[in-house]
4 protein chains.
Amino acid sequence: MVGGGRGAFIGPVHRMAATLDGEAEFVAGCLSSTPERAIESGREAGLKSVYGTWEEMVERERALPAGERIDAAVIVTPNHLHATVAAAFAKAGINVVCDKPLTRTLAEAEELEREVSRTGVVFCVTYNYTGYPLVRAMREMVRGGQLGAVRRVAVEYYQGWLATNLAAEGQKQAAWRADPALAGAGALGDIGTHAENLMSFVTGLEVESLCADVRSAVAGRTVDDDASVLLRFRGGARGVLTASQVCVGEENGLAIRIYGERGSVAWRQENPNELRVSAEGEATRVLTRAGAGGPTSNGTRLPSGHPEGFIEAFANVYRGAFAAIRAKQGGQAAGNLPHPTIADGVRGVRFVERCLASKGSWVGW
Amino acid sequence: MVGGGRGAFIGPVHRMAATLDGEAEFVAGCLSSTPERAIESGREAGLKSVYGTWEEMVERERALPAGERIDAAVIVTPNHLHATVAAAFAKAGINVVCDKPLTRTLAEAEELEREVSRTGVVFCVTYNYTGYPLVRAMREMVRGGQLGAVRRVAVEYYQGWLATNLAAEGQKQAAWRADPALAGAGALGDIGTHAENLMSFVTGLEVESLCADVRSAVAGRTVDDDASVLLRFRGGARGVLTASQVCVGEENGLAIRIYGERGSVAWRQENPNELRVSAEGEATRVLTRAGAGGPTSNGTRLPSGHPEGFIEAFANVYRGAFAAIRAKQGGQAAGNLPHPTIADGVRGVRFVERCLASKGSWVGW
Amino acid sequence: MVGGGRGAFIGPVHRMAATLDGEAEFVAGCLSSTPERAIESGREAGLKSVYGTWEEMVERERALPAGERIDAAVIVTPNHLHATVAAAFAKAGINVVCDKPLTRTLAEAEELEREVSRTGVVFCVTYNYTGYPLVRAMREMVRGGQLGAVRRVAVEYYQGWLATNLAAEGQKQAAWRADPALAGAGALGDIGTHAENLMSFVTGLEVESLCADVRSAVAGRTVDDDASVLLRFRGGARGVLTASQVCVGEENGLAIRIYGERGSVAWRQENPNELRVSAEGEATRVLTRAGAGGPTSNGTRLPSGHPEGFIEAFANVYRGAFAAIRAKQGGQAAGNLPHPTIADGVRGVRFVERCLASKGSWVGW
Amino acid sequence: MVGGGRGAFIGPVHRMAATLDGEAEFVAGCLSSTPERAIESGREAGLKSVYGTWEEMVERERALPAGERIDAAVIVTPNHLHATVAAAFAKAGINVVCDKPLTRTLAEAEELEREVSRTGVVFCVTYNYTGYPLVRAMREMVRGGQLGAVRRVAVEYYQGWLATNLAAEGQKQAAWRADPALAGAGALGDIGTHAENLMSFVTGLEVESLCADVRSAVAGRTVDDDASVLLRFRGGARGVLTASQVCVGEENGLAIRIYGERGSVAWRQENPNELRVSAEGEATRVLTRAGAGGPTSNGTRLPSGHPEGFIEAFANVYRGAFAAIRAKQGGQAAGNLPHPTIADGVRGVRFVERCLASKGSWVGW
């Protein structure tokens, strides 16, 4: 693991998620940005190989024989390091699991994609919301044609934790996210990419053009924190995507509704064990993660009524990546466990760039 | 009453709502569009004065002495007749309660507004959703500054009943709504105006510019049935309004969320006795219509936990109109019972016209 | 109407409900308990015939020719007067609509039942919750065998408004309910009877024996305010009924769940437009009052998604009573609109008496 | 670990929960009931020390020096083995984590309690629902007096998976639970103990007497599957506890509501990240696990809006046990992380025994 030391939110989540099923162990890392803190953090985390810099980590791991080397590097640094660090591991022939957004700019993302393509490593972008069993069930329904042709997509991601200028108060999570040099975009990169990916993952629709109204609502903030986007998809569907971090009262309000010619589905991340499914002329059904009449696999670990949450979904993304890594190592097929790939990562960065380029006008994809 | 005869949905609703509190009686009317059916419908409805045409009704009522004349005419015809019929009653000095959208075109609306202004009659447009007690409570909170300056408005009105080309199958409610000559606009006029009015009623914000993506999603339909609108308000707030009648699984999904600098409110028409209110740093509260810690008046008839619904809200709009009429008749103040006025009606038609004019670009108000 | 004058809660509800469909008019009444206030209240309510005492009302109405006499008397006095007043109207050949609980004691109830039987008048007890369309839909499902044999019934009625000794503070609604001489029982009579009736209405099950734990939780109160009852039904089903008025935070929490061998239903009065229906091996469906795949008649006035509430349900009970009265007057059948009869009223009083007699032991019905 | 091999539900849950925070590792075990399968299962699970019988495991681990011995044994066998296996480990001086119900009979439980007391080992019973952060928040509120004196407790645990005679069809989870020799009681032991413990954990109330109506609703089943219990608590509170596994449509419906003199709380296990809290005269608040205005610690791992579930709660119980074990090993205090102890386990078995002894009459505790 690179990044994810003291005070980090997402580092410990990655560690819990990746090891939940006993398929992996965290053995090496450079968890902080200065050698001193990196070494301290790594020892606290009980890593066997603690590195002071990520460059050292790449160098030393590359030099190890195959059986002793790490199987994958997990990159959970602030965004500005993703491209460089990920490329270095890929060049070293080490598989990569990288947090989103993939990079700060589309140019960086496309360059990284080429590098990954050249090296052939497995590359997983942790769009963790795709790991929820009911999100996967939605995907099967929508892509399987159960709703008919999609007409309208409504996806929203509302948070309230940046309703004030938290970065100015020195809050660590807020600080780097508010610095364009570190984060790239603001809300669009941080949560808009999740919304875009959820929509794409479930529907498979391709954006044809979009019109985005993006701004910084909080005085003194230099990155975007509040955006609405009109979407036109190839094939005729329309949609609205909203991503805002200034909505007081919202916690982690990612939600999606998809309306097709013959049915619709609706899902909310904050109560992820339920999915509402409507078909024309029928009463709405409430499908549960593992309940009667509902989906039967899709990464479920527990019987119905035993809530699964964020970490379990995250673990499913890892499970998919591990299957791909094992398949590559052993030469066998990875099975049908999807994991978001670098193509998803690039598309997310393109989405951010297109939104920022729109300035309220329609722009092509 | 003019219109609202056999097979009508909204006519009987108006009759129940207007008489719920025992403040009014339906005594005269021309309920259908041909003299024969108008007379038959009127007799069935037990009216004392049954007219074959609305022109006859205006003529004869105008000629009656003040004490015997109707106090107000309720116009619930298809949209294309609103302007003409309403103007005729206004000219006759008879107060008017008119269904929404006010007219088919902005020119018609503004002409009617001038006429009403000249005559001084009370003119109420039945934006019935403003009658819900918790909508009025929201209005007080938002306009009273409880949320701080508004940052974001999310208003949506989703229905599914026009997901197929119902008009082509001869369904009466669908048929006139699908005919541009009778209805003017489609979903924008039918439900978009309700969404616009709800947003304006609650926040008092003025639209500065908007960018609307409007279309007919169902093949063979000539009016709009599916629209998304980006909104910029004077003062800096942003918003999204969605109005669609092709969303399978949706019944009457009018919902509003308003996010301010210090708090937010969220309300859904389909469960109208609850209002979620958040303030920064506090747990979300669930206010109920007449419950502890909630609003105390606002047109509530029943104790908490005894659900009120659509008709009661509708009746509150009538109650406001009746108060205004009594105030005019007796020269006393109408009190603080709001009723939507012709200005609201004109603004709604302007909204439709601006959306249709936008064609995906930003247009001023 | 007898009772229901100034400060009454339920009187105005009866007036709105009975006249909602334009099938009835309130024309005569003795609304308060002293002649002066009765006359004042009656005039305020705009009644044509205002009586100072209910005895006078019975006398004078009985003397009128059939066409001029009232069609039915509505009795909404405190409980202690129900038996006497209802019997007097029945003896006068005047149909009766009487609030619940029917009487204070089972002896009074049975005597009244005999009187009503002798006279042949239509007698409706306003168990208003039976008027909700989805309650009627439940009844059809359960009685029609859709769930298989019923195994378990869970019915609860929680309120919080009597969590303190409100009667001691002089609150009018609380005061008479707290006086055993006026009310008979406390929570058991006031809301327990509603719960018992809802359960019986929906399932048709007959109680074989019950074991009730009844008490006054609030110091200084002499009637019961908090009760739990174990139920055994003929045929083997079991159940729990809870009725309490001391549950802070509850408004009008009447809810029922019925579990059968092959399915279950669940309904909550506070959101009455939704019904959850489960069948073995299938996802739970959310039926709505007038929605797709749901019930199609059952007393619905509005399209789906347009909430109906307490008054509309109440109006459905009146509609049933009016149909029965018209049937009696015209000799034709009353149709399939159920209205709770005096038998329901007697059963409710028996339920209260059996619970009070139980003192924690099993007692037969 | 003893038990929890192939086809087991709860074994893998224990493994995920115990290792979630990286505080423990599963190193030794006897996972199945025959030596062959135990060895196979243990190897599949990747254990370092695989034992063919639990007796061998006790013997061999006891013989190891302190630093090499297991810190605790986790017992997840069918119920009939709990007492014997737990006692053996305790006698060997090895701490024990044991699934519920503690034993089949109260005699077994009390004997085990004495044994544990003699040995001084840490003994944790995995009443996992106590690990939910909001359950702990409820406990603090209720025990801290925020609701005033408790008046009424409503706790229910409804499942539907045993609505048919699944055991007769050979389903493994159902089979041993349906055999009195292996399980002791049926629903009362399996889920009734969870309900009892949740109620006790949150309120601290002691049952004074109870009256239970217990039966087997499904033909051919010899253990109880459907029970309702009236409760009287020391200090005057009353309650109802329901536990049934024959309720079609229910998944894992554990829910609790507690009403005090000044407030109430309500929580449902199936949506565990929300807690409804009411105070007299105030609107109900929806507290979230880590949200604004809500509890601040209590075992939360993730920011608000990121759902935690069953495994995370389970892990909190382990966290508490681990803290106690470390405290014992190091001589330092265990901190304020509660873990259910053997006393909770004994109380649960007493609850089952009292319910079965009641046969519909009141019995003392």
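**Student:** Mind showing me how you'd approach the overall build of chain A here?
**Tutor:** The helix and strand inventory of chain A stands at 11 helices and 14 strands. In terms of overall dimensions, chain A is globule-like: its C-alpha atoms have a radius of gyration of 20 Å, near the 21 Å expected for 365 residues. In chain A, which comprises 365 residues, the proportion classed as buried is 61%.

**Student:** Got a minute to help me understand the pairing of strand S12 (residues 274–279) of chain C in this structure?
**Tutor:** The side chains of a regular strand alternate, first on one face of the sheet and then on the other. Residues and elements named next belong to chain C. In the sheet, strand S11 (residues 263–268) pairs with S12 via 4 bridges, with the strands oriented antiparallel. Paired with Ala266 across the strands is Arg276, a residue of S12. What sits between S11 and S12 in their antiparallel hairpin is a turn of 5 residues. Pairing between S12 and strand S13 (residues 284–288): 4 bridges, direction antiparallel. Its bridge partner being in S13, Val277 is matched across the sheet by Arg285. Turn length for the S12-S13 hairpin, with the two strands adjacent in sequence and antiparallel, is 4 residues, and the turn residue Gly281 shows positive phi of about 80°.

**Student:** Can you walk me through the sheet that holds strand S3 (residues 72–75) of chain A in this structure?
**Tutor:** Strands belonging to one sheet form pairs held by backbone hydrogen bonds; the direction of such a pair is parallel or antiparallel. Residues and elements named next belong to chain A. Judged by pairing direction, the sheet is parallel, and its 3 strands sit side by side in the order S3-S4-S5 without closing on themselves. A single partner strand is all that each edge strand has here, and the edge strands are S3 and strand S5 (123–125). Across the sheet, the mean angle from the axis of one strand to that of its neighbour is 15°, orientation sign disregarded. Alignment of S3 against strand S4 (residues 95–98), held across 4 bridges, turns out to be parallel. Of the residues in S4, the one forming a bridge with Ala73 is Val96.

**Student:** Sorry if this is basic, but what is going on with the relation of the copies chain C and chain B here?
**Tutor:** The operation relating the pair of chain copies consists of a rotation about an axis and a translation along that axis. Of the transformation placing chain C onto chain B, the axial shift is 0.1 Å and the rotation is 180°, giving an RMSD of 0.0 Å. What the rotation and shift describe, once combined, is the action of a two-fold rotation axis. No C-alpha of chain C lies nearer the rotation axis than that of C:Gly309, which sits 2.5 Å from it. Comparing interface residues between copies, 100% of those in chain C also sit at the interface in chain B, which points to an isologous, same-surface contact.

**Student:** Whenever I open this one, the relation of the copies chain B and chain A confuses me. Can you help?
**Tutor:** You can overlay chain B on chain A at an RMSD of 0.0 Å; the transform is a turn of 180° with a shift of 0.0 Å along its axis. Here 100% of the interface residues in chain B have copies in chain A that are interface residues too; the copies meet face to matching face.

**Student:** Explain the interface of chain B and chain A here, please?
**Tutor:** Often the size quoted for an interface is simply the accessible area lost on bringing the parts together. With 29 residues of chain B at the interface, the matching set in chain A holds 29 residues. Secondary structure elements with two or more residues in the side of chain B that touches chain A: strand S6 (150–158), strand S7 (207–215), strand S8 (226–233), strand S9 (238–244), strand S10 (253–260) and strand S11 (263–268) of chain B. Counting residues per element, the side of chain B that touches chain A draws most heavily on S9(B), at 4 residues. Within the side of chain B that touches chain A, the residues separate by chemical class into 11 nonpolar, 10 polar and 8 charged.

**Student:** Is there a simple way to think about the interface of chain C and chain B in this case?
**Tutor:** Taken residue by residue, the interface counts 24 residues in chain C and 24 residues in chain B. It is helix H10 (residues 310–330) of chain C that contributes the most residues to the side of chain C that touches chain B, 3 residues altogether. Residue classes in the side of chain C that touches chain B are distributed as 9 nonpolar, 11 polar and 4 charged.

**Student:** What exactly am I supposed to notice about the domain arrangement of chain A here?
**Tutor:** All names here are of chain A. On domain assignment, one finds that chain A holds domain 1 (10–128) and domain 2 (131–303 + 343–364). In this structure, domain 1 and domain 2 have C-alpha centres spaced 26 Å apart. No other element matches the 4 residues that helix H5 (residues 106–119) contributes to the side of domain 1 that touches domain 2. Classifying every residue of the side of domain 1 that touches domain 2 gives 7 nonpolar, 5 polar and 4 charged.

**Student:** Help me understand the packing of helix H1 (residues 10–19) of chain C against H10(C) in this model?
**Tutor:** Residue and element names in this part refer to chain C. Where H1 contacts H10, the axes come no closer than 8 Å and their chain directions differ by 65°. By the angle between their axes, H1 is roughly perpendicular relative to H10. Once H1 is placed against H10, the crossing between them reads as right-handed. Contact residues: Val13, Met16, Ala17 and Ala18 in H1; Ile311, Phe314, Ala315 and Tyr318 in H10. Residue composition of the contact of H1 with H10, by class: 8 nonpolar, no polar and no charged.

**Student:** I tried to follow the pairing of strand S6 (residues 150–158) of chain A on my own but got confused; where do I start?
**Tutor:** All names here are of chain A. Most of S6 is tucked away: 9 of the 9 residues are buried. The pairing of S6 with strand S10 (residues 253–260) spans 8 bridges and is antiparallel. Directly across from Glu156, in S10, lies its bridge partner Ala255. Here 7 bridges tie S6 to strand S9 (residues 238–244), and the two strands are oriented parallel to one another. Looking at the pairing, Ala154 lines up with Val240 of S9.

**Student:** Honestly, the packing of H5(A) against helix H11 (residues 342–358) of chain A in this entry has me stumped. Any pointers?
**Tutor:** Between two packed helices, both the angle of their axes relative to each other and the distance between the axes serve to describe the pair. Residue and element names in this part refer to chain A. Orientation of H5 relative to H11, taken along the N-to-C sense of each, is 165°, at an axis distance of 9 Å. With respect to H11, the axis of H5 lies roughly antiparallel. Pair H5 / H11 crosses with left-handed handedness. The residues of H11 that touch H5, namely those facing Leu106, Ala109, Glu110, Leu112, Glu113 and Val116, are Ile342, Gly345, Val346, Val349, Arg350 and Glu353. Of the residues in the contact of H5 with H11, the class split is 7 nonpolar, 1 polar and 4 charged.

**Student:** I tried to follow the environment of D:Met1 on my own but got confused; where do I start?
**Tutor:** Residue and element names in this part refer to chain D. Position of Met1 relative to the elements: it lies in the segment before helix H1 (10–19). Overall, Met1 belongs to the buried group, with 28 C-beta atoms counted inside 10 Å. With 207 residues separating them along the chain, Met1 and Glu208 place their C-alpha atoms 37 Å apart.

**Student:** Got a minute to help me understand the sheet that holds strand S4 (residues 95–98) of chain D in this structure?
**Tutor:** All names here are of chain D. A sheet is described by the order of its strands in space; here 3 strands give the open sequence S3-S4-S5, paired in parallel fashion. Edge positions in the sheet fall to strand S3 (72–75) and strand S5 (123–125), since each has one partner strand and no second. The sheet shows a mean angle of 15° between the axes of neighbouring strands, taken without regard to direction. Set on the sheet, helix H4 (residues 82–91) makes contact with S3 and S4; between it and S4 the angle comes to about 160°.

**Student:** Sorry if this is basic, but what is going on with unusual backbone geometry here?
**Tutor:** Backbone phi values are negative for most residues with the exception of glycine, while trans is the configuration of most peptide bonds. In the segment running from A:Lys100 into A:Pro101, the intervening peptide bond is cis, with an omega of -10°. In this structure, A:Pro101 sits in the loop between S4 and H5. One non-glycine residue, B:Lys359, lies in positive phi territory at about 45°. If you trace the backbone, B:Lys359 turns up in the loop between helix H11 (342–358) and strand S14 (362–364).

**Student:** So what exactly am I meant to see when it comes to helix H5 (residues 106–119) of chain D here?
**Tutor:** Since one α-helical turn is 3.6 residues long, residues separated by three or four positions face the same way. Residue and element names in this part refer to chain D. Relative to the 20 Å expected for 14 residues at 1.5 Å per residue, H5 spans 20 Å between its end C-alpha atoms, a close match to the ideal helical length. Leu106, Glu108, Ala109, Leu112 and Val116 are the residues of H5 that are buried. For H5, the arc enclosing every buried residue in end-on projection is 150°, short of the 170-degree limit, so these residues lie on one face. Along H5, exposed side chains directed more than 90 degrees from the buried face belong to Ala107, Arg114 and Arg118. Structurally, H5 contributes buried residues whose contacts are with H4, S5 and helix H11 (342–358).

**Student:** Quick question: what am I supposed to make of the nonpolar core here?
**Tutor:** Proteins that are soluble and globular tend to have nonpolar side chains buried together. Counting 502 residues, the largest nonpolar core has A:Val96, B:Val96, C:Val96 and D:Val96 as its most contacted members. In contact with C:Val96, not counting residues within four places along its chain, are C:Ala72, C:Ala73, C:Ile75, C:Ala86, C:Phe89, C:Ala90, C:Val121 and C:Phe123.

**Student:** What exactly am I supposed to notice about the environment of A:Arg6 here?
**Tutor:** Residue and element names in this part refer to chain A. Locating Arg6 in the fold gives a position in the segment before helix H1 (10–19). Taking the C-alpha atoms as reference points, Arg6 and Ser32, separated by 26 residues in sequence, lie 7.7 Å from one another. Dropping the residues within four chain positions of it, Arg6 is found in contact with Ser32 and Ser41.

**Student:** I'm lost on the confidence of the model for chain A in this one. Help?
**Tutor:** Segments scoring low in pLDDT should not have their predicted coordinates read at a detailed level. Residues with a pLDDT of 70 or more make up 99% of chain A, whose mean pLDDT is 94. The ipTM assigned to the predicted complex is 0.95, against a pTM of 0.96.

**Student:** What is the right way to read helix H6 (residues 133–143) of chain D from this model?
**Tutor:** Residue and element names in this part refer to chain D. Of all the 11 residues making up H6, 9 are buried; the element is thus mostly covered by neighbouring parts of the structure. Turning to H6, its buried residues number three or more, namely Pro133, Leu134, Val135, Arg136, Ala137, Met138, Arg139, Met141 and Val142. Those residues of H6 hidden inside the fold are in contact with strand S6 (150–158), helix H9 (187–203), strand S10 (253–260), strand S11 (263–268), strand S12 (274–279) and strand S13 (284–288). A positive backbone phi angle near 85° is found at Gly145, which sits one or two residues after H6.

**Student:** Can you walk me through the environment of D:Leu20 in this structure?
**Tutor:** Along the polypeptide, D:Leu20 turns up in the loop between H1 and strand S1 (28–29). Of the residues examined, D:Leu20 has 23 C-beta atoms within 10 Å and is grouped as buried. In sequence terms D:Leu20 and D:Val277 are 257 residues apart; their C-alpha atoms lie 30 Å from each other. Residues within four places of D:Leu20 in sequence aside, it is in contact with A:Met16, D:Ile311, D:Glu312 and D:Ala315.

Scoring rules and cut-offs
Residues numbered from 1 in each chain as written. Chains lettered and ligands numbered in written order. Predicted model: local features only at pLDDT ≥ 70, side-chain atom pairs only at ≥ 80, totals over all residues. Helix = DSSP H or I, 4+ residues; strand = E, 2+ residues; numbered from the N terminus. Rg over C-alpha atoms; globule rule 2.2 N^0.38 Å. Buried ≥ 20, exposed ≤ 12 C-beta atoms within 10 Å, placed from the backbone. Pairing = 2+ DSSP bridges. Axes fitted to C-alpha atoms, helices over the stretch in contact; angles between N-to-C directions. Least-squares fit on C-alpha atoms with pLDDT ≥ 70 in both. Contact = placed C-beta atoms within 7 Å. Nonpolar A, V, L, I, M, F, W, Y, C, P; charged D, E, K, R; others polar. Domains from an automatic or database assignment. Parallel < 35°, antiparallel > 145°, perpendicular 65-115°, else oblique. Left-handed = near helix turned anticlockwise from the far one by under 90°. Expected span 1.5 Å × (residues − 1). Arc of directions from axis to C-beta. Core = buried A, V, L, I, M, F, W, Y, C linked by C-beta atoms within 7 Å. pLDDT = per-residue confidence, 0-100.

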